Amino acid sequence: MPAASGKTADKVFRVIAYACGILILVVLAAVFLFLLFRAWPLIGGNQADNSKTIADFTGGKANGFWQYVGPLLFGTVLVSALALLLSFPVSIGIALFISHYAPKKLATALSYVVDLLAAIPSVIYGLWGGLILVPAIYPFWNWVATYLGWIPLFAGPAANPSRTVATVAVVLAVMILPIITSLSRDIFLQTPRLQQEAALALGATKWEMVKLAVLPFGKSGVVSASMLGLGRALGETMAVLMILSPGLNYSFKLLQASQNQTIAANIAAQYPEANDLGVSVLIGTGLVLFLITFVVNYVARKITEKKVG
Amino acid sequence: MGQRIDVNHLNIYYGNFLAVEDVNINIEPNKVTAFIGPSGCGKSTVLRTLDRMHEIIPGAHVKGEVLLEGKNLYDKDVDPVSVRRDVGMVFQRPNPFPTMSIRENVLAGVRLNNRKISKSDADDLVEWALRGANLWNEVKDRLDNPGIGLSGGQQQRLCIARAVAVHPQVLLMDEPCSALDPISTLAVEDLIQELKGDYTIVIVTHNMQQAARIADYTAFFNLKAVGQPGHLEYFADTTTMFNNPQNEEAERYVSGRFG
Amino acid sequence: MGQRIDVNHLNIYYGNFLAVEDVNINIEPNKVTAFIGPSGCGKSTVLRTLDRMHEIIPGAHVKGEVLLEGKNLYDKDVDPVSVRRDVGMVFQRPNPFPTMSIRENVLAGVRLNNRKISKSDADDLVEWALRGANLWNEVKDRLDNPGIGLSGGQQQRLCIARAVAVHPQVLLMDEPCSALDPISTLAVEDLIQELKGDYTIVIVTHNMQQAARIADYTAFFNLKAVGQPGHLEYFADTTTMFNNPQNEEAERYVSGRFG
Amino acid sequence: MMADLTQDPKASLEGAPVIDFDKFKPSRSFIASRKRKDLIMRVLIALAFVIALIPLISVLWTTLVNGLKRLNLNFLSFNMTGVVGGNPTPSGGYGGVFHAIIGTLEITFGAMVISIPIGLLCAVYLVEYAHGGKLAQTITLLVDVMSGIPSIVAGLFAFSMFTILVGPGSVNGFAGSVSLSLLMLPTVVKSSEEMLKIVPGDLREASYALGVTKQRTITKIVLRTALPGIVSGCILAIARVIGETAPLLMTAGYIASTNFNLFDGKMTTLPVYVFQEYSKLNANCPANATAACVTTIPMERSWAAALVLILIVLILNGIGRLVAKVFAVKSER
Amino acid sequence: ACGDNTTASTDNGSSNNSSDTTSKSEPISGNFNGAGASSQQAAVEAWVAGFQGTNPDAKIAYDPSGSGAGVKTFLTGATAWAGSDKALADDDVDNSKSVCAADTTAFDVPVYISPIAVIFNLKGVSDAGKHINMDAATIAKIFDGKITKWNDPAIADQNKDLDLPDTAITVVHRSDKSGTTQNFVSYFKDQAADAWSYDLSENWPNEVGQGAKGTSGVVNTVKQADGTIGYADFSAVGDLGTVAVKVGDKYSEISADGATKVIDDSELDSSVKGDNRVVVKINHATTTEGAYPIVLVSYMIACPQYKDTKTAEFVKSWLTYVTSSDGQKAASQAAGSAPLPDSIAQKDAASIEAIKTK
Ligand SMILES: Nc1ncnc2c1ncn2[C@@H]1O[C@H](COP(=O)(O)OP(=O)(O)OP(=O)(O)O)[C@@H](O)[C@H]1O
Ligand SMILES: Nc1ncnc2c1ncn2[C@@H]1O[C@H](COP(=O)(O)OP(=O)(O)OP(=O)(O)O)[C@@H](O)[C@H]1O
Ligand SMILES: [Mg+2]
Ligand SMILES: [Mg+2]
Ligand SMILES: O=P([O-])([O-])[O-]
C-alpha cells in the first residue's frame, strides 16, 4: 500500500513541479501581453488623439510615440550605463577586498554590511540623494566643469543645485554597488583553490594570482552581476524621480540640468495625472523598457553562456 | 642542477593546531624522494612548507628551518614569491588555467617573470617544456587550443610543463597521479624518472607500488591517532623501506597491514 | 538470509556510451564478493546496476539480465523502488542525512517510506541495527545527537546500520573504506566479516590488500583503453586471485605492476 | 597492454631546443616593479572600499540621525487618521506608521505566498527533473532575464492585469502583492536552485538506495537539507521587494487608516508612506497654534518611517539567520 | 481596530457646529473613499477630522494619487468623490454617465483655493526677509529663460530699493504633471501673452532651469542653491522669499486673503458642459486692492445622483461640510488655504443641494 500511494504522490509532485517550471514562461508572456493589451490604443487607437496626448506630455516637443520614447530611452540607457561604469570598478574592488584581501573577521563583518546595504529601499536613496548629496556634491561638479569642461561630457556651467544626470548616476551607482559587490564576492570566493595555488606556486604575487585565477574564473559571474545591477539601474524609479531635473534631449551634458529623463521616472511623474489614453502611452513606454531590459539581459546571458560552455 | 633541501626541527601549525611535529629530513639533490603514510598524517602539509605554500592558508605558520642549499626559506628577508619561483609545485588534480591555451599555460609562469619575451624564444621554451613533460608530440599541432580540453593525464603533464618552464631547482608533487587513469599514470611516472636528471623531486603518493617504482628515498609519515600531530616515522632509501624496513610501523604499513 | 545474484550478458550504458560490456557473474549468497580493477573500469557502474541505482542517472540504462534469486530485476513489472528496499547500498563517502540525529538516520529507511512504527519497535530496530553495525556501544548514550557529528568511520558504520535497518537481502558497498583512516577501516572490515552471516555482500575496493583480507570471491574488471568499455576480465575465489591467478592481466594487476 | 606505451625515456627531449634560461629570468627592477604593482593594487582595492564606504555610511547615518527624532512607541502604534496639520493628536503623537507596517507586512506576505511555492517548485523542477533539457535551459534563461524586470513594469503589469481581469479601479493590497511577487520570483528561483544544487548527490542516492520514492526524497531529504539556504534566499528576495515604492503607488495606493484586508481597499506600505510624507514637505500651523504644532513634522515622519523600514529589513535578516541556524545542517564535528 | 487613532478635533478647542445642514440629518456611517489632487491632502485631513466630529462612525479615506488618477478612479465608480486641480474635461463629463445614476453627469465644485507663491532664494534678499516686486511679464520672461540675471534691468527697475546681485537665475519648475503648473502658467497666458507663447498644459513646457518632482521637490531645490526661483503652493513656502506680484499699479504680496479676493472678483465659466457645475474662470487681470492673482482652484467632483443612497447622503453631507465656513476655516488652519469667497460658497451650496439622497 505505501508503495502504491507513493507512486501517485510521485506523479502528482512531478506534474506540479513541471507546471511551476512552465508557469515562469506563462508569467513572462502574461507580462508582455497585459502590457501590450493595455497599451493597445497607442497602436490600434485614434492616432490624432495619441499625438495630442503625447504633445501634452511634452509641451509640444514630440507628437509621435517614437519621438517621445526615443529621448527617454536614451536617457535611461545613459544614466544606467554611467551608474554601472562608476560602480563596476569599485564593486569589483570591494568584492576582491572581501574575498581575498581583508582579514577574515573584517571580511565577515563587511559581507554582512554589504548584504544589508543591498536591501536598503530605493526611496531612502532618493531621500538621501535629493536632500544630502545634491547640495554636497555641487562644489565637486563645479570643479569638474571648471577644469575638465573642455571634455564635452563635462561642459559647464555645472547646474546648481546638481539635479543632473551626473548626480543621479552617482546615486544609482551607490545603489547598485552592494548588489554587484555581493554577487561578485560570492563568485570570487568560489574560485577553485587549485587555480589560485597553481598561480601562487608559479611565483605569482597576490595581484598576479588574482589576475591569473580569480578574475578569469569570476568573469561570467561578474558580468551577470553587472547585468543585474544594470537592470536595477535601468528600472530605478524613485531615486531618479526625486533627484533628476528631467529633459527630453539626446544630450551628453552630464553636469547640466534638464537634459535627460528615464522611462521609469517619467512614468512615475506622469502617471498620477494621466488620463486613460495617457496611461496607455505610459504603459507603452513601460513596454519598451521591458523589452529593452529583456534584450540586454538576454544578450548578456547568451554571451556569458558561450564563455562558460 | 637540482638543489638540496634540509629540514630541521620543523613544526607545522594550522592556527593553534599542531599538524606535524618535529620533522627532520635531508632531501638529496637530483633524486626522487617519496612521502608515504596514512591519510591525514601530514604528507601534503610537509610538502607545502617546502615552497612556503603552506602560508597562504590563513593562520597557518611554521616553526623551524627549511634550508634550500643552506639558505633558510623562512628567513625574514626571503620573499615567498621568489621561493616559489625556485621551487615548483604540481598538484593532486591537474589545474591548467581554464581560460588559457596550451601554449599560454606553459608560458604563464614565465610571463609573470618577464613580460618582454620574443615570439621565437617563447616558441622554443614551449617546445622545450612540453618535450620535457613528454607532451610535445601529442599537442604540437594544437598549441592554441584550450588547455582544459586535454585528457586528465595530458593536463597533468601540461601542469608539469608549466612548472618546469620557469626552470625551478626543486619540483614538489602532491599525489600527481591519484586522479589519473593507469595509462596516464605511467606516462607521468616515466616523466618523473626523466626529470630527476635536472631537478630535485619530492613526491607525495598514497600508492606504495608507485613509491617503490620511482623513488630513490622514501619517507614514511605516521600519526599516533586522529587529532594528534603527524610525524616523520621513518626515512630510508626505497629498497630498504620496502624490503627491509628497520621500523615496525613502517613495515606494517608497507606490507599492507593497514591503510 | 542472503540471496544469490546472477548477472547474464549485462551491457551497461550511459546514454549512448557503452561503459561496461557483457558481464556474466554469479554472486553467491552469504559470501563477500569483491570487485577490483583499475580506475574507470566500471566497478561502481556494475555494482549500481545490482539495485537499479544506475537508472537514476539521466540516460543511463542496461541491456541484459540481473537475476535476484532467479527473478530479473529489470522486468517490466518490477518497481525499482522496491528493488532498492531488498538490496541495500553503502557508498564511498559516509553520507548520513545531515539534518537527522543518529536515531533518525537509522530509522530513515522506515520513516521515509511512511511506514508507521511504534516507539518501542523503533527503539528495538535502532538498537538491533546499530548493534549489527558494531556501533551501538559507541553511540547508545547520544542517539539524539546529529549523525554528522560522528567520526568518519562511525559515520560509515551508521550508514551500514541505516542500510541494514530496512532488512535487505543483499548489501552493496562501493569503496566503503576509501575515505576512512586505518583504524576505522579495520572496524568496518570486521563488521563486513560479521554481516556476511546474514547478507550477500558485494564490495568494490581499490585496495587489494583489503580484498585479500575480507573477500571470498574476487572479480577483476579491466578496460582495454580509456574510452573503451570495461569488462569482467577474471573472476575467481580470492585465494586463487591473489596467489595463483589464471589470467595474465589480473596477475600484473594484483602484483602491483600497474594501477 | 601497457608495454607499448612506455616510450624510450630519452627520446622525448631529443630535438628539443636549447634554452638560455637567463633570458627569462626576471630583472631586479622588474621584480621591484611587480612588487610595486602588487602594492598599488592592494592600495587601490582598499581605496575602493573606503570610497564606497563614504556614501553608504552617509546614507545609514543620515537615516539614523533624522529617523531617531520621531521614532517612538506612539509612532509605531498609530496610523495617520485624525492627524491635522502639524498639530499633535490627543495621544500626544503626530501620527504614525502602524497602518504602513501592517500594509508592508501583509503585502509582502502576500507576495511571499505567491512566489515562494512557485519559485521553489520551479527550482525543484530545474534541479531534480529537468536534467538540463531544452525547456529547462529556456526557463533558466528567462528566469535570469526576469530578474532584470524593472519594478515599475511590474507595477504596470499588475495594474493592467487587475484593470483587465477584475475591472478598472481595483486598487488593493493584493494587486501590490502580485506586482511584488513578479519581482521576487526570479530571486527565489535562482537562490533555491543554487541551494538545491549544492545538496550533495550522495544524499539523494542514499535515500533512493533505501527504497524511498523520488517525491519523498525531494521533500524530506533534499528540501529539508537545503532549507537554511532556501530560507536565506527567500529573505533576500523579500528584502529586495519590501522597499519597492513605485509599483505599490500604482497598485495598492495610499490610505491614512489601517486596512487589514489585503483583498479589498487601499493599503499603505512603508516606502509609499515615506514618499507621501516627503511629498508633503511641511505641515501648516495656524497663527494661533500652540508650541506643540510642528511644521517640519512630515519630513521627520518620513525619515522615521525610512528608519523603521531599514529596521524591518534588519529584523528580517536576523530572523533569516536565526531560522537558518535552527534548521542548519549540523556542522561536521 | 487597535492602533486606529481617536478622532482629533479640527481646530484647537473651540468648534461648535453651527452648520444647519449637517446637524439636521442623521449622522453618517460607513466607509467612503475619495482620491485625487495631492494639493488638497492637508485640507482633506482636516475635513475628515472635522467631519468625523459630528459623524464619528464615518470612515473616510483619501488617496492623494493625483488629479488625473483621482478622476479616473472616480469614473470607475470605485470612489465616492474625486479631488482635482482642474475642472472636468468634456469627455470626462460624458463618461461620468456610467457612474452617476439615472443618466446624470458629474459636476465639480471649488472647495480649495490656495495662492501659488513665486518663491526665490537669493542671498541678501530672501534671507533678509525681503520681497521682490515683479509684474507678470517679468516673471514669465524669467521662467522662459529670457531674463537670466537677478540684476537684470527688468527686475531692478521694479525694485529700486533693493540691491540686487549679479547672480544667475536658476528657474525651478515642476517635473511632474501638475495642476499647480497649469494654474501658474495660465496667469502668464492671461497677463503676459507676449512673453509666454506656450500652450496651456499641466506639463512644464520648456527646459529652462531645473525640474523637480512635486511641490516638495521644487521647494527643496529652491532651498539648495543661491539664485533660484520657483513656484509652489503657499503652504509649502517656509522661510523662502516670495515675489510680490503687480496688481493694477501696486505690488501685492502673497496672502490667503489676496487669493480669496481674486476669486471673489472672478466669473464662473458658463461655457462648461453639464449641469450643476461651478467652474471658476480666474480673473488674473483683477485690480482689486490686495488681491493676489496667482491661485490654484481645486475642485471636488461628485455625482448629482448615486446608485447607492448611502453614498449620496455621505457625499452631500461631506461636500456641505467642506464648503461650509467651518470646513473652510479648518482647511485654512491645517493647510494655509484661502477660504472660499461667499459668492462661490453659495453657488457650491446650490449645486450640492441638488444631490438626490432619496
Ligand atoms: N587547511 C587546513 N586547516 C586546518 N587543518 C588542516 C588543513 N589542511 C590539513 N589540515 C590538517 O592537517 C593534518 C595533516 O593533513 P594533510 O592534508 O597534510 O594530510 P595528508 O597526509 O596529506 O593526507 P592525505 O593523504 O589525505 O592527503 C590533518 O590532521 C588535517 O586535518
Ligand atoms: N555518470 C556518468 N555518466 C557518463 N559516464 C560515466 C558516468 N559515471 C561513470 N561513467 C563512465 O563509466 C566508466 C566506468 O566508470 P566507473 O565509475 O564505474 O569506474 P570505477 O571502476 O568505479 O572507477 P573508480 O575506481 O575510479 O571508482 C568510465 O569510463 C566512466 O567515465
Ligand atoms: Mg594530502
Ligand atoms: Mg568507482
Ligand atoms: O497638486 P499638484 O497637481 O500640483 O501636484
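Residues numbered from 1 in each chain as written. Chains lettered and ligands numbered in written order. Predicted model: local features only at pLDDT ≥ 70, side-chain atom pairs only at ≥ 80, totals over all residues. Heavy atoms only, no water.

What follows deals with the overall build of chain B. Broken down by element type, chain B carries 10 helices and 10 strands. The globule rule puts the C-alpha radius of gyration for 259 residues at 18 Å, and the 18 Å found for chain B is close to it. By sequence separation, contacts in chain B at least 24 residues apart represent 66% of the contacts at least 6 residues apart. As presented, chain B carries roughly 9,500 Å² of accessible surface, and 45% of it is formed by carbon and sulfur atoms. (Helix = DSSP H or I, 4+ residues; strand = E, 2+ residues; numbered from the N terminus. Rg over C-alpha atoms; globule rule 2.2 N^0.38 Å. Contact = heavy atoms within 4.5 Å. Areas by Shrake-Rupley, 256 points an atom, 1.4 Å probe, with all protein chains shown as cover.)

Before going further, it helps to spend a moment on the packing of aromatic side chains. The tally for this structure, following the rule as stated, stands at 44 aromatic pairs over all chains. Centroid distance Trp196 of chain E to Trp204 of chain E: 5.6 Å. Interplanar angle 55°. Geometry classified as tilted. Accessibility assignment for this pair places Trp196 of chain E and Trp204 of chain E in one class, buried. Among the aromatic residues, those joined into a cluster by ring pairs are Phe143, Phe184, Tyr187, Phe188, Trp196, Tyr198, Trp204 and Tyr231 of chain E. When the ring centre of Phe97 of chain B is taken as reference, the NZ or CZ atom of Arg162 of chain B above it lies at 4.7 Å. Seen from the ring of Tyr94 of chain D, Arg70 of chain D lies directly overhead, with NZ or CZ sitting 5.0 Å from the centre. (Phe/Tyr/Trp six-rings, centres within 6.5 Å; stacked < 30°, edge-to-face > 60°. Buried < 20%, exposed > 50% of the residue type's maximum accessible area, 1.4 Å probe, protein only. Lys NZ or Arg CZ within 6 Å of the ring centre and 35° of its normal.)

Right, let's get into the state of the cysteines. Applying the stated criterion across every chain yields a total of 2 disulfides over all chains. In this model Cys285 of chain D forms its disulfide with Cys293 of chain D; the gap between the sulfur atoms is 1.9 Å. An S-S torsion of about -95° defines the bridge between Cys285 of chain D and Cys293 of chain D as left-handed. What pairs with Cys100 of chain E in a disulfide is Cys303 of chain E, and their sulfur atoms sit 1.8 Å apart. Taking the sign of the S-S torsion, about -70° here, the bridge from Cys100 of chain E to Cys303 of chain E comes out left-handed. You can see Cys100 of chain E sitting in the loop between helix H4 (90-95) and strand E4 (107-121) and its partner Cys303 of chain E sitting in the loop between strand E13 (295-302) and helix H10 (309-323), a full 203 residues away along the chain. Assessed through its relative accessible area of 2%, Cys100 of chain E is described here as buried. With relative accessibility at 1%, the residue Cys303 of chain E sits in the buried group. (Disulfide = S-S within 2.5 Å.)

This part covers helix H3 (residues 102-113) of chain B. By the criterion of burial, H3 of chain B is predominantly enclosed, with 10 of the 12 residues buried. Of the positions making up H3 of chain B, those classed as buried are Ile102, Arg103, Asn105, Val106, Leu107, Ala108, Gly109, Val110, Leu112 and Asn113 of chain B. Buried positions along H3 of chain B lie against helix H9 (206-235) of chain A, helix H2 (80-86), helix H4 (119-132), helix H5 (136-139) and helix H6 (152-165) of chain B together with helix H1 (28-68) of chain D.

Together, Asp264, Asp265, Glu267 and Asp342 of chain E give the surface a local cluster of negative charge. When you line up the elements, Asp264 of chain E lands in helix H9 (residues 256-264). (Patch = residues over 30% accessible without salt bridge, like charges linked within 9 Å, V, L, I, M, F, W, Y side chains within 5 Å. Salt bridge = Lys/Arg side-chain N within 4 Å of Asp/Glu carboxyl O. Lys, Arg positive; Asp, Glu negative; His and termini not counted. Charge placed at Lys NZ, Arg CZ, Asp CG, Glu CD.)

Ranking the 8 pairs of chains in contact by number of contacts places chains A and D first. No part of chain B reaches chain E; the closest C-alpha pair between them is 49 Å apart. You won't find any contact between chain C and chain E; their C-alpha atoms come no closer than 42 Å.

This paragraph deals with the site of ligand 1. All names here are of chain B. Around ligand 1, the neighbouring residues are Tyr14, Phe17, Ala19, Ser39, Gly40, Cys41, Gly42, Lys43, Ser44, Thr45, Ile57 and Glu175. At a separation of 3.3 Å, an oxygen atom of ligand 1 approaches a polar backbone atom of Cys41. Here Lys43 contributes a side-chain N or O atom positioned 2.9 Å from an oxygen atom of ligand 1. Here ligand 1 loses 62% of its free accessible area of 630 Å² to cover by the protein chains. If you list the elements that add at least two residues to the shell around ligand 1, you get strand E2 (17-27) and helix H1 (43-49). Considering every element that reaches the shell around ligand 1, the biggest residue donor is H1, with 3 residues. Tallied by class, the residues present in the shell around ligand 1 amount to 5 nonpolar, 5 polar and 2 charged. (Near = heavy atom within 4 Å. Polar contact = N/O pair within 3.5 Å; in protein donor to acceptor, adjacent residues only side chain to side chain. Nonpolar A, V, L, I, M, F, W, Y, C, P; charged D, E, K, R; others polar.)

With 77 residues of chain D in contact, the opposing surface of chain A contributes 80 residues. Of the roughly 7,100 Å² buried between chain D and chain A on both sides combined, carbon and sulfur atoms contribute 80%. Where chain D touches chain A, the interface holds 1 salt bridge. Counting across the interface, chain D meets chain A through 7 residue pairs in polar contact (both at pLDDT 80 or more). Counting residues per element, the side of chain D that touches chain A draws most heavily on H1 of chain D, at 17 residues. Here the residues of the side of chain D that touches chain A are counted per class, giving 52 nonpolar, 16 polar and 9 charged. (Buried area = accessible area lost by both parts, 1.4 Å probe.)

With that out of the way, let us pick up the UniProt feature "domain: ABC transmembrane type-1" (unreviewed entry) in chain D. UniProt marks residues 101-320 of chain D with the feature "domain: ABC transmembrane type-1" (unreviewed entry), using the numbering shown here. In residues 101-320 of chain D, the share of helix is 74% and the share of strand is 0%. The end C-alpha atoms are 19 Å apart. (UniProt positions renumbered as here; feature names shortened; annotations may be inferred.)

This part takes up the site of ligand 5. Contacts to ligand 5 come from Glu273 of chain A together with Ser38, Ser39, Asp85, Arg174, Ser178, Gly179 and Thr180 of chain E. Neighbouring residues of ligand 5 are not confined to one chain but are distributed across chains A and E. Within the side chain of Asp85 of chain E, one N or O atom sits 2.7 Å away from an oxygen atom of ligand 5. Gly179 of chain E is positioned such that a nitrogen or oxygen atom in its backbone is 2.9 Å from an oxygen atom of ligand 5. Grouping the amino acids of the shell around ligand 5 by side-chain chemistry returns no nonpolar, 5 polar and 3 charged.

On to the nonpolar core. Counting 281 residues, the largest nonpolar core has Phe35 of chain B together with Phe35 of chain C as its most contacted members. Counting residues per element, this core draws most heavily on helix H4 (residues 65-101) of chain A, which supplies 17 residues. Grouped together as the second largest cluster of nonpolar side chains are 95 residues, Ala82, Ile132, Trp150 and Val219 of chain E included. (Core = buried A, V, L, I, M, F, W, Y, C linked by side-chain atoms within 4.5 Å.)

Moving on to the packing of H9 of chain A against H1 of chain D. One way to put it is that H9 of chain A packs onto H1 of chain D with a least axis distance of 8 Å and a crossing angle of 75°. Classed by the angle they form, the pair H9 of chain A and H1 of chain D counts as roughly perpendicular. Contacts between H9 of chain A and H1 of chain D involve Lys206, Trp207, Glu208 and Lys211 of chain A on the former and, on the latter, Arg34, Lys37, Asp38, Met41, Arg42 and Ile45 of chain D. (Axes fitted to C-alpha atoms, helices over the stretch in contact; angles between N-to-C directions. Parallel < 35°, antiparallel > 145°, perpendicular 65-115°, else oblique.)

This part takes up the confidence of the model for chain D. All names here are of chain D. The predicted model of chain D has a mean per-residue pLDDT of 86, with 94% of residues at 70 or higher. Low pLDDT (under 50) marks residues 1-11, which in the prediction has 13 contacts with non-local residues, meaning those over four places away or in another chain. At the level of chain-chain contacts, confidence expressed as ipTM amounts to 0.84, with global pTM at 0.86. (pLDDT = per-residue confidence, 0-100.)

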